Amino acid sequence: MQREWLERFQEFVARKTRLAETAPLPPYRTELNDPDENALAVGNAWTNRLFDGPFYLSPAATPLRPACSLVFVQSSDGNTSAADPGVLGGGNTDTHLIYEGLSRVAADAVLAGAQTVHGSEVMFSVWHPQLIDLRMSLGLSRHPVQIVATLRGLEIADSMLFNLSDIPVVLLTVASGAEQMSHAVKLRPWITLLLMETPGDLRAAFERLRSTGIARISCIGGRTLARHLLDAGLIDDVYLTTGRNTGGEPGTPLASAPWRGGTVVRKGGTGVEQGVIFEHLLPCGRR
Ligand SMILES: NC(=O)c1ccc[n+]([C@@H]2O[C@H](COP(=O)([O-])OP(=O)(O)OC[C@H]3O[C@@H](n4cnc5c(N)ncnc54)[C@H](OP(=O)(O)O)[C@@H]3O)[C@@H](O)[C@H]2O)c1
């Protein structure tokens, strides 16, 4: 079984790499650049050219927990839910430079809600050789730890992400979800259960992740998980791309309650991506 997943993973890596290498990536142009003095700047010549400057990461509000960012694309009318977020019109540069790139290149782990991990061939990493080089230069493992949040429990046997023995997985769950998955997890020593007493116990869970060496997390959504993290005060940065298309599921903004604080960076797409807006924002109360 594992050999079969390994072969599928090799094909998946080849496909992801090909897509990342061949996609035309129109560069962004800076409209605003106002980082805090304690922000960490990451980039190499290739990313700096396409992103038109360094990409900033905020430190965690407290050293007791990992720094955590949200990365989202929304439609031009502000919706985030879509089976394929590509339809929201964020474009190739968002997909390959931001989403599968700068937002996670320095992350120890990628965190996703159960509804975002759909389909059997899913695994969250960086694929463009320039981004792999950048990640390696930061002294990180080739692939981030995969953290999946589920309350009810998930089908472990059906998804590639849970079946690659070299890539650690953490399941963020509660006792009932853990029970549902316990047999499958026992068979897979690379999967760890991170138990919360209640779904609202995210802060304590984050502190436990920090104690295992996870210092930076890129949370890729969706909005249900994002809202819980924002409410718990666990988000340090929001990377939000506004696409050129209307659509997505109506009434699905990143969060319903106000969350926007200061703007660190704003960039605009160029060429065929003219009209795309990338913003690096802080959650309210942070600046
Ligand atoms: N536009 C974008 O950038 C973007 C990004 C990500 C996703 N999406 C889209 O958004 C949709 C999915 O978003 P969504 O809001 O429905 O779902 P989601 O946030 O991906 O996942 C929600 C699930 O996460 C688990 N969960 C929620 N809170 C939790 C907590 N405190 N602790 C542990 N587990 C928790 C629960 O899993 P169980 O149900 O297993 O209990 C819950 O049903 C999809 O259409 C996806 O394609 C868009």
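Residues numbered from 1 in each chain as written. Predicted model: local features only at pLDDT ≥ 70, side-chain atom pairs only at ≥ 80, totals over all residues. Heavy atoms only, no water.

Engineer: Tell me what's going on with the site of the ligand, and back it up with residues and numbers.
Structural biologist: If you check the shell around the ligand, you find 28 residues, and the closest are Ala82, Thr116, Thr150, Arg152 and Thr224. At a separation of 3.4 Å, an oxygen atom of the ligand approaches a polar side-chain atom of histidine 118. Threonine 150 is positioned such that a nitrogen or oxygen atom in its side chain is 2.6 Å from an oxygen atom of the ligand. For the ligand, the protein covers 89% of the area, taking 930 Å² as the surface of the free molecule. (Near = heavy atom within 4 Å. Polar contact = N/O pair within 3.5 Å; in protein donor to acceptor, adjacent residues only side chain to side chain. Areas by Shrake-Rupley, 256 points an atom, 1.4 Å probe, with all protein chains shown as cover.)

Engineer: Give a detailed account of the packing of aromatic side chains, specifying residues and quantitative values.
Structural biologist: This model, assessed by the stated rule, comprises 9 aromatic pairs. Geometrically, the ring pair formed by tyrosine 239 and phenylalanine 278 is stacked, given 6.3 Å between the ring centres and 15 degrees between the ring planes. Note that tyrosine 239 is positioned in strand E10 (residues 237-242) and phenylalanine 278 in strand E12 (residues 277-283), a separation of 39 residues in sequence. In this structure, tyrosine 239 and phenylalanine 278 share a single accessibility class: buried. Aromatic rings pair up to connect Tyr28, Phe51, Phe55, Tyr239 and Phe278 into one cluster. The ring centre of tyrosine 99 lies 4.6 Å from the NZ or CZ of arginine 104, which sits over that ring. Directly above the ring of phenylalanine 51 sits lysine 267, whose terminal nitrogen or CZ lies 4.3 Å from the centroid. (Phe/Tyr/Trp six-rings, centres within 6.5 Å; stacked < 30°, edge-to-face > 60°. Helix = DSSP H or I, 4+ residues; strand = E, 2+ residues; numbered from the N terminus. Buried < 20%, exposed > 50% of the residue type's maximum accessible area, 1.4 Å probe, protein only. Lys NZ or Arg CZ within 6 Å of the ring centre and 35° of its normal.)

Engineer: Any details on the environment of valine 174? Residues and values, ideally.
Structural biologist: Following the sequence through the fold, valine 174 ends up in strand E7 (residues 169-174). As a C-alpha pair, valine 174 and proline 199 span 25 residues in sequence and 6.8 Å in three-dimensional space. Those residues in contact with valine 174 that lie beyond four places of it in its chain are Thr150, Leu151, Leu195, Met196, Thr198 and Pro199. (Contact = heavy atoms within 4.5 Å.)

Engineer: Before we move on, can you summarise the layout of surface pockets with the specific residues and values?
Structural biologist: Volume-wise, the largest pocket comes out at about 1400 Å³. Pro85, Tyr99, Thr116, His118 and Ile220 are the residues nearest the centre of the largest pocket, which is lined by 47 residues in total. Those elements giving two or more residues to the lining of the largest pocket turn out to be helix H1 (2-22), strand E4 (67-74), helix H3 (91-102) and helix H7 (223-231). When residues in the lining of the largest pocket are grouped by element, the largest group, 6 residues, is from H3. A volume near 190 Å³ is recorded for the second largest pocket. Around the second largest pocket, the lining residues are Val145, Pro168, Val169, Val170, Trp190, Thr192, Leu193, Leu194, Arg208, Leu209, Thr212 and Ile214. Breaking the lining of the second largest pocket down by element, the ones donating at least two residues are E7, strand E8 (191-196) and helix H6 (202-211). With 3 residues, the top contributor of residues to the lining of the second largest pocket is E8. (1 Å grid on protein atoms, 1.4 Å probe; cavity = no way out; pocket = protein on both sides within 12 Å on 5 of 7 lines; lining within 4 Å. Points joined across faces, edges and corners; volume = space filled by probe spheres on them.)

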